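Structural description and commentary
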Amino acid sequence: MSQNQNTPELRFEGFTEPWKGRKFGEEFLFLHNNTLSRAELCDADGDVFDVHYGDVLIKYSSVIDITKANLPRIIDAGKVSGCDSLHNGDVVIADTAEDETAGKCTELRGIDNEKVFSGLHTIPCRPRRIYASGFLGHYLNSRAFRKQLFPMMQGTKVVSISKTSMASTCLTVPSIEEQVTISEILSSIDSLIVLHQRKYERLQHLKQALLQKMFPKPGELVPELRFDGFTEPWEERKLGEIGEVKTGNTPSTANENYYSKKGTPWITPTDIRENGTYSVNKHLSTEGMSVAQLAPAGSILCTCIASIGKNTFTETTCGFNQQINALIPAHDTFDSYFLFFESALWSVQMKSNAASGTMQIVNKTEFSKLEAMIPSLPEQKIIGTFFSNLDSLITLHQRKYERLKRLKQALLRKMFV
């Protein structure tokens, strides 16, 4: 670890010189932005582009190539008269957010002859000297720089940062050569993050499309898409006919074994993602306790209050909260994996049947009456296996995406001063 406060903890070989401090207000020229709302932008028409603060906060990475970022377009180009057109290397800062992400920025690349403007609630800045491509975007989003902004943020429900505050901050930067090396590694990680995020999203879309085609539509007895060798019509069955329906219970929090580190996995509605699998990090000791009813491995759990219709599959026996219904299928007649993937379609019924009022609920009786379309057991098994394998692939790319994001955050903490 470096002993010099002007050098980072982690450096590439060959770089030993201390980084230099610079005043933000002296390093950047503040440009003029527009104040156009989303309603004044569109996705397709027009050749004048807008960098909106909402996209900077949520959608854009530290550095964006405008030829790939799908920027919104300004419907009436006359409304940006008097605003500054942006260049490569300019930085756009979001000055407003609902939390401490205010001050997040993106550096622009890929501008050729395009007209690009900085939009509502942004602070566009142009460096007065040459910086390595991408360095400013990564550095200005690092905690090393952003920790200066937190005390300057104002507001409660809406948090903002001013130009004056930005101008008063300091940068600590290395030589151009070291900037290039840092930017290249972080940009490479960004590319991998985007790659796995896109694969994850595309596989999610593929799964949703296949769920629509591989299960019969309402009123029909066969799906649009089937595996070879299966021709028999499917049968309509109520969930109560498929297996046992249970409702959960919740042990007292006064019991010292409530949410213990060992024992049976314990599932609450917040543990369940929409139609997805999950990792349980809470356990329930069953020794000497009156506990929630247990759902054996192969059960399908469905949230039945408030956030209705989230479903998950139990790979081990588990305890479950009273805000969850459990379907325990007869294993010699029904394939649990098939029923789990079909449960994404039950949730539509659950939501439409939910009682009106401040607290929506689908009780055990109503849940038992939900209808499912069921093929032969061999067809159930092949469909269940297919979607299980697809889910594994989706999870693979999701985990790679999340690990790369954590890696980048770790590097941002160690590679900047």
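Here, the structure is the one placed above.
Now for a description of the structure that goes with this document. (Residues numbered from 1 in each chain as written. Predicted model: local features only at pLDDT ≥ 70, side-chain atom pairs only at ≥ 80, totals over all residues. Heavy atoms only, no water.)

With respect to the sheet that holds strand β17 (residues 283–284)
- Read from one edge to the other, the open sheet built from four strands follows the order β17-β16-β21-β18, with strand pairing classed as mixed. Looking at the sheet topology across the chains shown, the edges are occupied by β17 and β18 (294–295). (Pairing = 2+ DSSP bridges. Helix = DSSP H or I, 4+ residues; strand = E, 2+ residues; numbered from the N terminus.)

Looking at the nonpolar core
- In terms of nonpolar packing, the biggest core is built from 52 residues, with Leu140 and Phe416 touching the most fellow members.
- Residues in contact with Phe416, not counting those within four places in the same chain, are Pro8, Trp19, Phe135, His138, Tyr139, Ser142, Ala144, Ile182 and Leu186.
- In this structure, Ile305, Leu370, Phe387 and Ile394 belong to the second largest nonpolar core, which totals 36 residues. (Core = buried A, V, L, I, M, F, W, Y, C linked by side-chain atoms within 4.5 Å. Buried < 20%, exposed > 50% of the residue type's maximum accessible area, 1.4 Å probe, protein only. Contact = heavy atoms within 4.5 Å.)

Some points on the packing of helix α6 (residues 176–213) against helix α10 (residues 377–414)
- Where α6 meets α10, the closest approach of the two axes is 9 Å, and the angle between their N-to-C directions is 155°. On the basis of their axis angle, the class for α6 and α10 is roughly antiparallel. Crossing handedness for the pair α6 and α10: left-handed. (Axes fitted to C-alpha atoms, helices over the stretch in contact; angles between N-to-C directions. Parallel < 35°, antiparallel > 145°, perpendicular 65-115°, else oblique. Left-handed = near helix turned anticlockwise from the far one by under 90°.)

Examining the environment of Leu192
- Within the secondary structure layout, Leu192 lies in helix α6.
- For Leu192, a relative accessible area of 39% corresponds to the partly exposed category.
- C-alpha separation for the pair Leu192 and Lys405, spaced 213 residues apart in sequence, amounts to 9.6 Å.

Some thoughts on the packing of aromatic side chains
- If you walk through the whole model with that rule in mind, you get 18 aromatic pairs.
- Ring centres 6.2 Å apart and planes at 80° place the aromatic pair Trp19 and Phe416 in the edge-to-face group. With Trp19 in the segment before β1 (20–23) and Phe416 in the segment after α10, this pair connects stretches of sequence that are 397 residues apart. You'll find Trp19 and Phe416 in the same group, each marked buried.
- Aromatic pair Tyr139 and Phe145: ring centres 5.8 Å apart, planes at 50°, arrangement tilted.
- Note on Tyr139: relative accessible area 1%, which makes it buried. (Phe/Tyr/Trp six-rings, centres within 6.5 Å; stacked < 30°, edge-to-face > 60°.)

Here's the deal with the environment of Gln409
- Take Gln409: it is sitting in helix α10.
- Between the C-alpha atoms of Gln409 and Arg143, which are 266 residues apart in sequence, the distance is 9.0 Å.

Let's talk about the side chain of Thr314
- Tracing the sequence through the fold places Thr314 in the loop between β20 (311–313) and β21 (318–320).
- Thr314 sits in the buried class, given a relative accessible area of 2%.
- Within the structure, Thr314 has its side chain in polar contact with the backbone nitrogen of Ser299 (distance 3.0 Å).
- Residue contacts for Thr314: discarding those within four places in its chain leaves Pro296, Ala297, Gly298, Ser299 and Leu301. (Polar contact = N/O pair within 3.5 Å; in protein donor to acceptor, adjacent residues only side chain to side chain.)

Some remarks on the packing of α6 against helix α8 (residues 336–353)
- Where α6 meets α8, the closest approach of the two axes is 11 Å, and the angle between their N-to-C directions is 85°. Between α6 and α8, the angle falls in the class roughly perpendicular. Every residue of α8 that contacts α6 at Lys207, Leu211 and Gln212 is listed here: Phe341, Ala344 and Leu345.
- Residues that form the contact of α6 with α8 fall into these classes: four nonpolar, one polar and one charged. (Nonpolar A, V, L, I, M, F, W, Y, C, P; charged D, E, K, R; others polar.)

Focus: unusual backbone geometry
- We note that Asn70 has phi near 55°; this positive angle belongs to a residue other than glycine.
- By secondary structure assignment, the location of Asn70 is in the loop between β5 (63–65) and β6 (73–74).
- Judged by relative accessible area, which is 53%, Asn70 ranks as exposed.
- The phi dihedral of His121 falls on the positive side, at around 55°, and the residue is not glycine.
- As for its position among the elements, His121 is in the loop between β10 (115–118) and β11 (122–127).

Overview of the pairing of β11
- A large share of β11 lies buried, amounting to five of its six residues.
- Pairing geometry for strand β2 (residues 28–30) and β11, over three bridges, is antiparallel. The residue of β11 that forms the bridge with Leu29 is Arg126.
- Across four bridges, strand β7 (residues 91–94) lies against β11 in antiparallel orientation. From the neighbouring strand, Ile93 faces β11, where its bridge partner is Ile123.

Some remarks on the pairing of strand β22 (residues 324–329)
- Taking burial as the measure, the six residues of β22 include six buried ones, the bulk of the element.
- With five bridges joining them, strand β15 (residues 243–247) and β22 adopt antiparallel strand pairing. Paired with Glu244 across the two strands is Ile328, which belongs to β22.
- Pairing of strand β19 (residues 300–303) with β22 involves four bridges; the strand directions are antiparallel.

A word on a positive patch on the surface
- Together, Lys199, Arg399, Lys400, Arg403 and Arg406 give the surface a local cluster of positive charge.
- If one sorts the elements of the positive patch by residue count, α10 sits on top with four residues.
- Within the element layout of this structure, Arg399 appears in helix α10. (Patch = residues over 30% accessible without salt bridge, like charges linked within 9 Å, V, L, I, M, F, W, Y side chains within 5 Å. Areas by Shrake-Rupley, 256 points an atom, 1.4 Å probe, with all protein chains shown as cover. Salt bridge = Lys/Arg side-chain N within 4 Å of Asp/Glu carboxyl O. Lys, Arg positive; Asp, Glu negative; His and termini not counted. Charge placed at Lys NZ, Arg CZ, Asp CG, Glu CD.)

Overview of a nonpolar patch on the surface
- Together, Ile130, Ile176 and Val180 give the surface a local cluster of nonpolar side chains, amounting to about 270 Å² of exposed area.
- Here Val180 lies in helix α6.

Let's talk about the pattern of salt bridges
- Here the structure, examined in full by the defined rule, presents 17 salt bridges.
- Note that Glu40 and Lys79 form a salt bridge whose closest N and O atoms lie 2.7 Å from each other. Taken as a pair, Glu40 in the loop between β2 and β3 (41–42) and Lys79 in the loop between β6 and β7 lie far apart in primary sequence, 39 residues in all.
- According to the relative accessible area criterion, Glu40 is partly exposed, its value standing at 22%.
- Across the salt bridge formed by Arg109 and Glu107, the nearest N and O atoms sit 3.2 Å from each other.
- Overall, the relative accessible area of 2% leaves Glu107 in the buried class.
- Linked through salt bridges whose partners overlap, the residues forming this network are Arg22, Glu27 and Arg129.

These figures come from the coordinates and say nothing about function on their own.
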